[in-house]
Amino acid sequence: MFENYSRAIDSDESIDTILCSVTVSDYSIVGTTSGMMNPLVRDLYKRVIHVGRDYPTGLPHVRKVWKDSMRNRANCPACYTDPASSQCQEELFHAVNRGRFMVKEMIGVIKLKKYRAMKQRYDRTDETLEEAMDRVERLGHQQQSL
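All values derive from a computational prediction rather than experimental measurement. Every chain is numbered on its own, with residues counted from 1 as its sequence reads. Local features in this predicted model are restricted to residues whose pLDDT is 70 or higher, and side-chain atom pairs enter the listing and the counts only when it is 80 or higher, whereas totals over whole chains, interfaces and linings include all residues. Calculated side-chain values reflect all of the structure's heavy atoms, with hydrogen atoms and water omitted.

Asker: Can you break down the overall build of the protein residue by residue, with the values?
Answerer: In this text, helices come from DSSP runs of H or I with a minimum length of four residues, and strands from runs of E with a minimum of two, each type numbered from the N-terminal end. Within the protein, the secondary structure is distributed over 7 helices and 0 strands. From first element to last, N terminus to C terminus, the protein shows the α and β order α-α-α-α-α-α-α. Here, residues are in contact when the closest pair of their heavy atoms is within 4.5 Å. Contacts in the protein between residues at least 24 apart in sequence constitute 56% of all its contacts with a sequence separation of at least 6. Of the roughly 10300 Å² of accessible surface on the protein, 55% is carried by carbon and sulfur atoms. Only the protein chains shown count as cover for residues, and all accessible areas are computed by the Shrake-Rupley method using a 1.4 Å probe.

Structure follows, in structure tokens:
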């Protein structure tokens, strides 16, 4: 049941491939009784932790926020009353899909952060061509003197 997740983590695939590798149809509806975590929820939390490592606010913040939201009864109220009902399964699928959407939003924030960092390092739109040539010549003279 979990071979898709372990395959994606062990290889050097992109994060989009990891997110799309496991679908709802890969899991049978088990583990919804009290004391057991549904495999879909467990997989979602693993994805969050994997993506949260690069998130700008840090992994501890991401872990705290996601644990609080996953434990919130408002996200799937039918699962707390009758875990074996079909309504619980539908609510669970909708909650997991919302969670996967939020993971994709987190990836977008991470990519934006990396883009802004790269742009800040390498974007030199304010200097003229002559200033850039002078800078390159100075760097060349400094390297030759070493």
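Asker: Summarise the packing of helix H3 (residues 39–52) against helix H6 (residues 86–122); cite the residues concerned and give the values.
Answerer: Where H3 contacts H6, the two axes come as close as 10 Å, and the packing angle between them is 10°. With respect to H6, the axis of H3 lies roughly parallel. Across from Leu 40, Val 41, Asp 43, Leu 44, Arg 47, Val 48, Val 51 and Gly 52 in H3, the residues of H6 making contact are Leu 92, Phe 93, Val 96, Gly 99, Arg 100, Val 103, Met 106, Ile 107 and Ile 110. The residue makeup of the contact of H3 with H6, split by class, is 12 nonpolar, 2 polar and 3 charged. Between the N-to-C directions of two axes lies an angle of 0 to 180 degrees, each axis being a line fitted to C-alpha atoms and, for a helix, fitted only over the stretch in contact. Orientation labels follow simple angle bins: below 35 degrees gives roughly parallel, above 145 gives roughly antiparallel, 65 to 115 gives roughly perpendicular, and whatever is left gives oblique. Each residue receives one of three labels: charged for Asp, Glu, Lys and Arg, nonpolar for Ala, Val, Leu, Ile, Met, Phe, Trp, Tyr, Cys and Pro, and polar for the others, Gly being one of them.

Asker: Account for the pattern of salt bridges, naming residues and giving values.
Answerer: Salt bridge, as used here, is a side-chain nitrogen of Lys or Arg placed within 4 Å of a carboxyl oxygen of Asp or Glu. In total, this model carries 3 salt bridges according to the counting rule given. Measuring nitrogen to oxygen at the nearest pair gives 3.8 Å for the salt bridge that ties Arg 100 to Asp 43. Taken together, the residues Arg 100 in helix H6 and Asp 43 in helix H3 connect sequence positions 57 residues apart. For Lys 64, the salt bridge is made with Asp 68, and the minimal N-O distance between the two is 3.3 Å. Taken as a pair, Lys 64 and Asp 68 lie in helix H4 (residues 59–70) at a separation of 4 residues, close to a single helical turn. Overlapping salt bridges bring together Asp 43, Arg 47 and Arg 100 as one network.

Asker: Break down the state of the cysteines for me, citing the residues and quoting the values.
Answerer: Note that a disulfide, as used here, is simply two cysteine sulfur atoms within 2.5 Å. Counted under the stated rule, the structure contains 2 disulfides. With its sulfur 2.5 Å from that of its partner, Cys 76 forms a disulfide with Cys 79. Owing to a relative accessible area of 8%, Cys 76 belongs among the buried residues under this scheme. Buried residues are those whose accessible area, probed at 1.4 Å on protein chains only, stays under 20% of the maximum for their type, while exposed residues exceed 50% and partly exposed ones sit between those limits. Since its relative accessible area comes to 19%, Cys 79 is described here as buried. In this model Cys 79 forms its disulfide with Cys 88; the gap between the sulfur atoms is 2.4 Å. The disulfide joining Cys 79 to Cys 88 has a torsion of about 105° about its S-S bond and is therefore right-handed. A single burial state applies to Cys 79 and to Cys 88, both of which are buried.

Asker: Outline the side chain of Asn 38, listing residues and values.
Answerer: Position of Asn 38 among the secondary structure elements: in the loop between helix H2 (15–20) and H3. In the analysis that follows, any N or O atom pair within 3.5 Å is treated as a polar contact, provided that within protein one partner can donate a hydrogen and the other can accept it, and provided that, for residues neighboring in sequence, both atoms belong to side chains. Here the side chain of Asn 38 touches Leu 40 through a polar contact of 2.8 Å, landing on its backbone nitrogen.

Asker: Which residues make up the confidence of the model for the protein, and what are the values?
Answerer: In the predicted model, the protein carries a mean pLDDT of 78, and 73% of its residues have values of at least 70. Within the model, pLDDT remains below 50 along residues 1–12, and this stretch shows 21 contacts once partners closer than five positions in the same chain are excluded. Throughout residues 14–33 the model reports pLDDT below 50, and contacts reaching past four residues in sequence, or to other chains, amount to 46 contacts. Within a predicted model, pLDDT stands for the predictor's per-residue confidence, ranging from 0 to 100.

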